[in-house]
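Report on the structure
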Amino acid sequence: MDIPRMGVPAELAERSLAEQHEYLRSTFSRRTMMRGGAVTLGAVAGGVFVPGAVAQAAPAAAPVSATADIDGALVAPFGRHLSYGEDPRTEMTVSWQVPVPVKNPFIRIGSSAGELSRKISAEVRALYTPAGVGTSADHTQYYVHAKLSHLKPGRTYYYGVGHQGFDPASPKFAGTIGTFTTAPSRAEAFTFTAFGDQGVSYHALANDSLILAQGPSFHLHAGDIAYADPSGSGQTTDTFDSRTWDQFLAQTESVAKTVPWMVSYGNHDMEAWYAPHGYGSQQARFEPPANGPDPENLPGVYSFVHGNTAIISLDANDVSFEIPANLGLSGGTQTKWFEAQLKKYRAHNSGVDFVVVFFHHCAYCTATAHASEGGVRQEWVPLFEKYTVDLVINGHNHVYERSDVLKGEKVTKELPIGGTVYPETEGVVYVTAGAAGKSLYAFPVTDSYEGNEKDTDPFASYVTEKGGEKKAVTVDWSRVRYTNYSFLRVDVKPASPGRTATLTVRGIAETGAEIDRFVVARKTKR
């Protein structure tokens with residue numbers, strides 16, 4: 001099992017996130033109350049912020065205060081990261097972190113660095129982790145969010161974040177000014193990038209640098225974001241450290257302060273202390289679009305449209321047979337919502353040509369650590385095929401792997417490097433892009449990638465089925481395999497009605513070398 005359990009004892013290790021949460025709350029709340037401390041997840045301005053079921057779980061203690069008498073001139077914001085709102089043409093959320101409580105946080109925006117607006121108030125969310133839940137002492141993190149709306153489509157804005165005592169409009173803080181660009185009002189060519197399983201490392205930082213150089217309109221992170229608990233062994237010796245998130249956001253700021261960082265949640269992102277579903281801490285740190293079926297309990301499920309391309313983020317923890325801590329969390333609601341989104345985007349005159357779906361656990365992968373997830377195949381693969389999804393992006397396995405064209409678990413078309421797929425008639429292509437920075441996994445056969453192609457089909461792998469059984473399968477669809485650090489770049493080229501629009505999908509190694517390339521083509525019907 002590969003799931004963070006934050007010091008839950010071995011006898012509880014296989015239980016649900018809700019049960020682990022209850023254990024941690026009852027254990028550490030008693031200890032903290034005996035010390036006279038406070039345990040809460042709170043919005044420091046205007047009362048307690050407890051998403052979903054956290055409200056029932058939080059002990060009756062005073063919330064952590066962010067109004068302590070600290071000189072804001074001694075504190076600088078860090079860890080800036082962006083997220084599209086529900087309408088990427090007109091909405092953007094700017095998020096950041098401060099190391100200690102500050103007063104009156106705000107954002108300024110403008111059309112140039114020297115012409116920033118009046119102060120726009122921001123919300124602070126305090127996240128408290130008591131000593132004993134992991135390896136650190138008592139630790140409170142302060143995350144700040146400013147939701148911007150009524151922006152102009154396709155416009156680049158300058159922004160600065162601050163608080164009482166730190167004003168980004170001051171000339172001495174000019175170096176802290178950032179930029180973001182809203183989505184266009186019509187279909188235009190653009191690029192986006194994607195990967196999963198990043199963590200904090202030299203390789204993670206290197207990938208961030210390469211991604212920034214691609215000039216993407218947005219980035220998709222397919223889960224297992226920071227690895228605050230890299231071991232997840234279910235023992236009291238687990239190494240969970242909430243401060244890893246501080247390091248991660250500082251590391252990622254170089255690109256995420258400019259590029260919307262759109263997250264999906266993986267098994268290592270479920271942190272049981274903060275909420276029964278494990279996502280309470282993520283709801284403090286991130287602010288993705290809240291247009292999914294249940295933003296309180298499924299905060300990583302949402303969709304957005306950029307130009308002619310619809311992006312759908314799913315929560316595979318809800319359907320995972322391999323790691324069932326949150327299995328059945330949505331009671332089927334997520335899958336019903338997902339199909340409704342696909343129907344909407346495939347409707348005539350929707351303005352959408354391409355549908356890209358990303359989530360953590362792999363539908364099709366042969367890496368020996370996790371291979372393929374049977375829950376995903378059971379719940380969602382039939383929908384991918386029914387609605388001719390153009391590209392599926394996963395993480396979980398720390399490798400790069402790309403399939404041939406698949407339908408009904410069979411190869412309908414071999415897709416060599418440089419080839420073209422037509423999803424409307426041929427099937428779906430799956431990419432595992434989980435080599436963003438954490439330690440690498442292995443394949444059961446040799447690598448095969450651009451400039452080093454090896455034909456090893458067929459070979460043995462497995463699919464994890466209900467109950468955790470690993471069903472042996474014979475694989476003949478693994479077209480590209482690369483066991484080194486890498487990410488995905490996708491170039492979107494729209495077309496006029498009746499002509500062919502394309503996605504050019506490229507696997508890029510940490511060295512900058514291209515390891516894979518293929519084209520997804522679809523005739524435009526708008």
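That block above? That's the structure.
Read on for a plain summary of the structure. This structure is a prediction, so every number in the text was calculated from the model and none was measured.

Scanning the protein for helices and strands turns up eight helices and 29 strands. Looking at the protein residue by residue over its 526 residues, the buried ones come to 60%. Taking the contacts inside the protein whose residues are at least 6 apart along the sequence as the reference set, 72% of them involve residues at least 24 apart. Carbon and sulfur atoms provide 49% of the accessible area of the protein, an area that totals close to 18,700 Å².

We now examine the environment of Ala-442. Looking at the secondary structure, you find Ala-442 in the loop between β23 (430-433) and β24 (459-464). In sequence terms Ala-442 and Thr-368 are 74 residues apart; their C-alpha atoms lie 6.0 Å from each other. Among residues more than four places away in sequence, those in contact with Ala-442 are Ala-367, Thr-368, Val-399 and Thr-483.

A few words now on helix α3 (residues 202-214). Each turn of an α-helix holds 3.6 residues, which means side chains three or four residues apart point in the same direction. End to end, α3 covers 19 Å across 13 residues, agreeing with the expected 18 Å (1.5 Å per residue, within 8%). For α3, the complete set of buried residues consists of Ala-204, Ala-206, Asn-207, Asp-208, Leu-210, Ile-211 and Gln-214. Of the surrounding secondary structure, the elements contacted by the buried residues of α3 are β11 (190-195), β12 (218-221), α4 (244-256), β13 (261-263), β27 (486-493) and β28 (500-509). Near the N-terminus of α3, the side chain that reaches the backbone nitrogen of His-203, with its oxygen 3.3 Å away, is that of Ser-201.

A separate point is the packing of aromatic side chains. Counted under the stated rule, the structure contains 21 aromatic pairs. A centroid spacing of 5.2 Å and a plane angle of 75 degrees characterise the contact between Phe-359 and Trp-380, whose relative ring orientation is edge-to-face. In this pair, Phe-359 is assigned in the loop between β16 (354-358) and β17 (372-373) and Trp-380 in the loop between α7 (374-379) and α8 (381-386), connecting sequence segments 21 residues apart. Like Phe-359, the residue Trp-380 is buried in the burial classification. Their ring planes at 55 degrees and their centres at 6.1 Å tell us that Phe-384 and Tyr-430 sit as a pair that is tilted. Here Phe-384, found in helix α8, pairs with Tyr-430, found in strand β23; they are 46 residues apart in sequence, far enough to count as distant. Within the aromatic cluster, the residues linked to one another by ring pairs are Phe-338, Phe-359, Tyr-364, Trp-380, Phe-384, Tyr-430 and Trp-477. The side chain of Lys-119 reaches across the aromatic face of Phe-106, ending 4.7 Å from its centre.

Here the focus is the sheet that holds strand β22 (residues 420-421). With mixed pairing, seven strands are arranged side by side in an open sheet as β13-β12-β11-β27-β28-β29-β22. Edge positions in the sheet fall to β13 and β22, since each of these pairs with one other strand and no more. Pairing analysis gives four bridges linking β11 to β12, with the strands arranged parallel. Opposite Phe-192, over in β12, you have Phe-218 as the bridge partner.

One number sums up the size of the largest pocket: a volume of about 310 Å³. Taken together, 21 residues line the largest pocket, and the ones lying closest to its centre are Arg-89, Val-305, Gly-307, Ser-350 and Val-352. When contributions to the lining of the largest pocket are tallied by element, the ones reaching two or more residues are β14 (302-306) and α6 (333-346). For the lining of the largest pocket, the leading source of residues is β14, giving four residues. Tallied by class, the residues present in the lining of the largest pocket amount to eight nonpolar, seven polar and six charged.

Before going further, it helps to spend a moment on α6. Under the 1.5 Å per step criterion, the end-to-end length of α6 is 20 Å for 14 residues, consistent within 8% with the ideal 20 Å. Packing partners of the buried residues in α6 comprise β14, β15 (309-313), β16, α7 and α8.

Let us look at the environment of Lys-466. Checked against the element boundaries, Lys-466 lands in the loop between β24 and β25 (470-475). On a C-alpha basis, the gap between Lys-466 and Phe-321 in space is 5.0 Å, while along the polypeptide they are 145 residues apart.

Helix packing geometry: the angle between the two helix axes and the distance between the axes. Contact geometry of α3 with α4 gives a least axis separation of 9 Å together with a crossing angle of 10 degrees. Classified by the angle between their axes, α3 and α4 sit roughly parallel to one another. Remark: the crossing between α3 and α4 carries right-handed chirality. Together, Ala-204, Leu-205, Asp-208, Ile-211 and Leu-212 of α3 and Gln-251, Thr-252, Ser-254 and Val-255 of α4 make up the contact between the two elements. Taken together, the residues of the contact of α3 with α4 break down into five nonpolar, three polar and one charged.

On to the pairing of strand β21 (residues 410-413), then. Pairing analysis gives three bridges linking strand β20 (residues 405-407) to β21, with the strands arranged antiparallel. In the sheet register, Lys-407 faces β21, and the bridge partner there is Lys-410. As consecutive antiparallel partners, β20 and β21 are separated by two residues, and within that stretch Gly-408 has a phi angle of approximately 60 degrees, a positive value.

All told, the structure shown has 23 salt bridges when counted by the stated rule. Residue Glu-253 pairs with Arg-80 through a salt bridge whose shortest N-O separation is 2.6 Å. With Glu-253 in helix α4 and Arg-80 in strand β2 (residues 78-84), this residue pair connects regions lying 173 residues apart in the sequence. Both residues of the pair, Glu-253 and Arg-80, belong to the buried class. Close ionic contact of Arg-402 with Asp-516 constitutes a salt bridge, the shortest N to O distance being 2.9 Å. In this pair, Arg-402 sits in strand β19 (residues 400-403) while Asp-516 sits in strand β29 (residues 514-523), placing the two residues 114 residues apart along the sequence. Residue Arg-402 shares its accessibility class with Asp-516, and that shared class is buried. Residues joined in a network through salt bridges with shared partners are Arg-346, Asp-390, Glu-424, Arg-522 and Lys-525.

The rules behind each value
- Once a new chain begins, its residue numbering starts again from 1 and follows that chain's sequence as written.
- At least 70 in pLDDT is required for a residue's local features to be given in this predicted model, at least 80 for side-chain atom pairs to be given and counted, and no such filter applies to totals for whole chains, interfaces and linings, which use all residues.
- The side-chain values count all of the structure's non-hydrogen atoms but skip hydrogen atoms and water molecules.
- Runs of E in the DSSP output that reach at least two residues are strands. Runs of H or I that reach at least four are helices, and both are numbered from the N terminus.
- Buried residues are those whose accessible area, probed at 1.4 Å on protein chains only, stays under 20% of the maximum for their type, while exposed residues exceed 50% and partly exposed ones sit between those limits.
- In this description, contact between two residues means that some pair of their heavy atoms is separated by no more than 4.5 Å.
- To be clear on the numbers: accessible area is Shrake-Rupley with a 1.4 Å probe, and residue cover counts the displayed protein chains and nothing else.
- One less than the number of residues in a helix, times 1.5 Å, gives the span that helix is expected to have.
- Polar contacts, as used here, are pairs of N or O atoms within 3.5 Å; protein pairs need one atom able to donate a hydrogen and one able to accept it. Residues neighboring in sequence count only if both atoms are side-chain atoms.
- Each pair of aromatic rings taken from Phe, Tyr and Trp, with Trp reduced to its six-membered ring, is defined by centres within 6.5 Å and is described as stacked if the planes are under 30 degrees apart, edge-to-face if over 60, and tilted in the remaining cases.
- Geometrically, a lysine NZ or arginine CZ counts as sitting over a ring once it is within 6 Å of the ring centre and also within 35 degrees of the ring normal.
- Two strands are said to pair when DSSP picks up at least two bridges between them.
- As defined here, a cavity is a set of points on a 1 Å grid over the protein atoms alone where a 1.4 Å probe fits but cannot get out. A pocket is an open set with protein on both sides within 12 Å along at least five of seven lines, and residues line them when an atom is within 4 Å of a point.
- Grid points are joined across faces, edges and corners, and a volume is the space filled by probe spheres set on the points.
- Residue polarity follows a fixed list, in which Ala, Val, Leu, Ile, Met, Phe, Trp, Tyr, Cys and Pro are nonpolar, Asp, Glu, Lys and Arg are charged, and the others, Gly among them, are polar.
- Geometry is summarised by axes, namely lines fitted to C-alpha atoms with helices restricted to the contacting stretch, and by angles between N-to-C directions that run from 0 to 180 degrees.
- Between 65 and 115 degrees an angle is taken as roughly perpendicular, under 35 as roughly parallel, over 145 as roughly antiparallel, and anywhere else as oblique.
- A crossing counts as left-handed when the near helix is turned anticlockwise from the far one by less than a right angle, and as right-handed when that turn is clockwise.
- We count a salt bridge whenever a side-chain nitrogen from Lys or Arg sits within 4 Å of a carboxyl oxygen from Asp or Glu.

Keep in mind these values describe shape, not function.
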